Each structure stands twice: as C-alpha cells, then as structure tokens.
Amino acid sequence: MKEQERKEKFTTDSGIEIKRVYEQKALSPEEPGEFPFTRGVQHTMYRSKLWTMRQYAGFSTAEESNKRYQYLLQQGTTGLSVAFDLPTQIGYDSDHAFSEGEVGKSGVAIDSLRDIEILFDGISLEKVTSSMTINSTASILLAMYIALAKKQGADLKKISGTIQNDILKEYAARGTYIYPPKPSMRIITDIFEYCSKEVPKWNTISISGYHIREAGSTAVQELAFTLANGKAYLKAALAKGLDINIFAKRLSFFFNAHNNFFEEVAKFRAARRMWATITKELGATDPKAQMLRFHTQTGGSTLTAQQPHNNIARVTMQALSAVLGGTQSLHTNGFDEAIALPTEEAARIALRTQQIIGFESGVAETVDPLAGSYFVEELTSEVEKAAWLYIQTIDEMGGSVDAIEQGYMQKEIALSAYKYQGAIQTGEKIIVGVNKFDVKEAPLGNILTIDDSIRQLQIDKIKAIKASRNNAKVKKILSDLETDAKSGANLMPNILLACEEYATLGEIADVMRGVFGEYKGG
C-alpha cells in the first residue's frame, strides 16, 4: 500500500511538475569549459580559484561607505560592489528638490568625482575589482571611476569590474530609467564601443535577471526575459558595427538565487547552454564570446522581517545553489535587510556564509557536483524548454524593446507575483515564521539608520565643488556633450572630460535629458 503524499502534485515555483523519481536519460557529453558550457565556463572552476566573494554595500555618504568597504576588505571580501542612492540612480544631485528624503538611503550619494575620490580613498582601483549597480547613469559613474583611476596612475588596460548598465530590465521591472528606450540603447552601445578600446577588461553590462525576479517573476521568466534582453543588446551592438567576438566577451549576467533549491541550480545551468546557442546563432565563433559569466545575489524579496535570524538559513541555501550552479561571483544578503540596511555584524555573517561554503563544505572541490543527477539534468532541460517558449514569443513581438513597450513582460511578471502572493495567503506556499510557525517576538535591536541631515552635507560639498572648479571649462564641455548627443557621436569622451572637471552627475544627466527627453512609461 502506497503512503499518502503531502500534495496531489508537486511543482517548482515556475510550475514545472516534480516527479516522484527520476530515471537515467542521455546526459550532455561535453566537458566543463566547452560549448555549450552546461557544466561551467572553466575546465577547473573552483579548483583553481573560488568565486569572487563580493559584498554589496553603500549607504549615507562616501565617507561612511568607504569605512564599510575597508571593513569588508579586512574581513576577506575579494571584490567591492557599490550600491547607489535613488537620486544618483535617476540622475539627480543631492540638492535637487526630488532628492529630498532619499539622499543616502538606499545606497551611497554620489554627486561628483569628489565623492568617488572619497568612496575609494585608500583603495587601489588597479588591484580590486568593483561592481556598480547603476543603469540610467551608468555612463557617468563609469566615467567618474575611470577619472579616479587616471588620477591614481592606474593602467586603464588593467582596471576591471562591472557596471550593471541594463536599462531594459528597468523598464520591465524596476523603474530607475531616465531616457526613452532608443537613446538609452544608444548610450549603452557607446559604452560598449568606448570600453572595448580604452578599458578592455571592464565588463560593460551585467544583464540582470535579479530585479526581474525581485519584481515577482518565476525562475523561468527570470531566465527567459534576461536572455531576451541580452539578445537585444547583442543586436544593438551588431547594428552599430561592433564585432561580437570582441564586445560579447565583456558582457556578464546577474541572477537571483531564490528559495527553490534545485530549480535555481537548473536555471543557472540552463542559462549557460541557452546563451551559448544565442551568441552562436548571432555569429560568435570565439568560445569566450559564447560564455555566460554571471554574478549572483541571494533573494532580497525572500527575506522576512519576522524571525529575521531565519534568513541566515535561507541565504545559506540560496548561496549554495549559486555555487553548485557555477556562479563567478556572489553576494549574500544580511539577515536584517528586510528591516534596514545591513549592520556590520549582519554583513560579516553574510560574508562568513560564503567563506564556510567555499572553505569548509567541500562543494568547491569538484566541478559541477550535481552533474549526472537524474533530477537536476532533467530539470535543467525542462527549465530551458519553458524559457525558450517565452523567448520565441518575445522574438515574434519584435524583440525585448517592443515587448517591453507593449507591456508584455510587465504583465507576465505582475501575474506571477499575484499568484505567488496568493499561494502564501492561502497557506499553499509556506513561509516559515510568516504564515506558519510564527511566534511573538521583540523587535530586532541593533539596526542601521540613515539621518536626513546627510543631505545638507552633500549640498555643502556641491557648493564647494562649484565654487572651486573652472566653471567656464565645465560649461564648454557640457555644450560639446550636447552637440555629441544631437549628432550621434560617442558620448563617453565628453562625459569623461566633464567628470574630470567636476561637473556634477545631475548636470551631465540634464544635458542628455534636454536632448533625449524623459521616458514616462506606458
């Protein structure tokens, strides 16, 4: 007599049915490091070098964030990841009326090169890799970073890092856009072109599924919409006349690690296989241009304000799925992030979680440890199959830009978010400590708060910068930038010159606002 199962049907969060048992099927014959890279992008993976342990941080002023970076470096982080406040993300200086109440809250406030100088004070840009989560103002923040590298005397051919620079997912899921889609794509391809010549080791885009997932998508939708956006960037660069075998090597991806452990592993494996196919079909012949390299962050939306210490277990499982899925770098969230920005203690525990996985668990000793699992191999194929169906629909609509303008991705994400939340409310989906196993508890004590007074500190800095710089020179460069924006010339050289002369982020963004206009959505 068979035992009664807990559910009539078991599925992943994407709705893929999970069988009771799995049987052997034909497995991918390729070795790790070989097309289509299902088993990883390197032959030796973590046996040669562990993933980059990159903790996302940024809050308040550049001075305060620099202290946190110095602390994280002392604790053993191997790469920096910069969070910017909302005004910085959407091209407003701290003294703008729209910035009130937001300065330094969701990340560090950056108004000019002076803030970048303070942010990286005592940190050699030639020796550390930096990732910057910035999109609509990515060209400006990258230019400030390059300007600082030049002041440090760094070899620009050696500096490395990543700008997110993925505007399509902003229209689809996150909302920190400034300009309409077409000029935004033009700015992105200008960055591709400029960096391929001037800073060739810089990853010019991190095509992000993370925020698509945070907005409520399923794992399959995250994968499909992200790769569809990546395909749009490839086509835009090809239309500009760029060589896919050069620029595609500097593209990277950014995925979410969510709660459904095996589906996440399958998603990461399927992503590599699918991207290899997409790049090859668009003409890439160099294996390095066909590889999908990705950063992972554990799922911020999965963290709970109730029983926040439970989040340590959630983050551990999510981080492990990313490692078993072959990530190149990883950020682990602090357990208190559903309540506030992470404290030093929470950031340290998050980093230690990665270090324990890397140095104590043994999972980094062999390549693709779950390869050959009947379940994982079949689930990888099922996730891939479901994602291709979405991509086919988007292709039929004319590609990601058209699909976003028609509201397709936004609607699909919203529907998935609604279904997921409904399952939690009915108890079909159990969230430990929220809709089951809840307890009465005292509020979490030590939390990080940001005082509104820091806005005045930033305003004072802006006033000092404008009083000390060569304003006539700044005006001339901004005028030249406006001419470039109108003529179609590459924008990066004059953006860099403006940053070097301490033009503010808002001043530079406003020049482009004046030419390109602002996107109102729809």
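Everything below is about the structure printed above this text.
Calculation notes
- Residues numbered from 1 in each chain as written.
- Predicted model: local features only at pLDDT ≥ 70, side-chain atom pairs only at ≥ 80, totals over all residues.
- Heavy atoms only, no water.
- Patch = residues over 30% accessible without salt bridge, like charges linked within 9 Å, V, L, I, M, F, W, Y side chains within 5 Å.
- Areas by Shrake-Rupley, 256 points an atom, 1.4 Å probe, with all protein chains shown as cover.
- Salt bridge = Lys/Arg side-chain N within 4 Å of Asp/Glu carboxyl O.
- Helix = DSSP H or I, 4+ residues; strand = E, 2+ residues; numbered from the N terminus.
- Buried < 20%, exposed > 50% of the residue type's maximum accessible area, 1.4 Å probe, protein only.
- Contact = heavy atoms within 4.5 Å.
- Pairing = 2+ DSSP bridges.
- Right-handed = clockwise from strand over helix to strand, strands pointing away.
- Phe/Tyr/Trp six-rings, centres within 6.5 Å; stacked < 30°, edge-to-face > 60°.

1. Some thoughts on a nonpolar patch on the surface
Right, so step 1: On the surface, Ile430, Val432 and Phe437 cluster together into a nonpolar patch covering about 280 Å² of accessible area.
Right, so step 2: With respect to the secondary-structure elements, Val432 resides in the loop between helix 16 (408-426) and helix 17 (454-468).
Right, so step 3: Residue classification places Val432 among the partly exposed residues on the basis of a relative accessible area of 38%.

2. Regarding the side chain of Thr279
Right, so step 1: Position of Thr279 among the secondary structure elements: in helix 10 (residues 261-281).
Right, so step 2: Leaving out residues up to four positions away in the same chain, Thr279 has contacts with Leu234, Ile244, Ala284, Ala289 and Gln290.

3. Quick notes on the pairing of strand 1 (residues 52-57)
Right, so step 1: A large share of strand 1 lies buried, amounting to five of its six residues.
Right, so step 2: Across two bridges, strand 1 lies against strand 9 (residues 329-331) in parallel orientation. Across the sheet, residue Met53 finds its bridge partner in strand 9, namely Leu330.
Right, so step 3: Across four bridges, the pairing between strand 1 and strand 2 (residues 79-83) is parallel. Its bridge partner lying in strand 2, Ala57 is registered against Val82.
Right, so step 4: Crossover strand 1 to strand 2 through helix 1 (residues 62-75) is right-handed.

4. With respect to the pairing of strand 6 (residues 205-208)
Consecutive residues of a regular strand have side chains that alternate between opposite faces of the sheet.
Right, so step 1: Of the two faces of strand 6, the one carrying Ile205 and Ile207 and the one carrying Ser206 and Ser208 are both buried.
Right, so step 2: Relative to strand 7 (residues 251-257), strand 6 runs parallel, the two being bridged by four bridges. Counted as the bridge partner of Ile207 is Phe253 from strand 7.

5. Section: the packing of aromatic side chains
Right, so step 1: Tallied over the entire structure, the rule returns 22 aromatic pairs.
Right, so step 2: Taking the centre distance of 5.3 Å and the plane angle of 90 degrees together, the rings of Phe120 and Tyr145 count as edge-to-face. Of the two residues, Phe120 is situated in the loop between helix 3 (113-119) and strand 3 (130-133) and Tyr145 in helix 4 (residues 138-152); the sequence distance between them amounts to 25 residues. In terms of burial, Phe120 and Tyr145 fall into one category: buried.
Right, so step 3: Geometrically, the ring pair formed by Tyr171 and Tyr519 is edge-to-face, given 5.0 Å between the ring centres and 75 degrees between the ring planes.

Keep in mind these numbers describe shape, not what the thing actually does.
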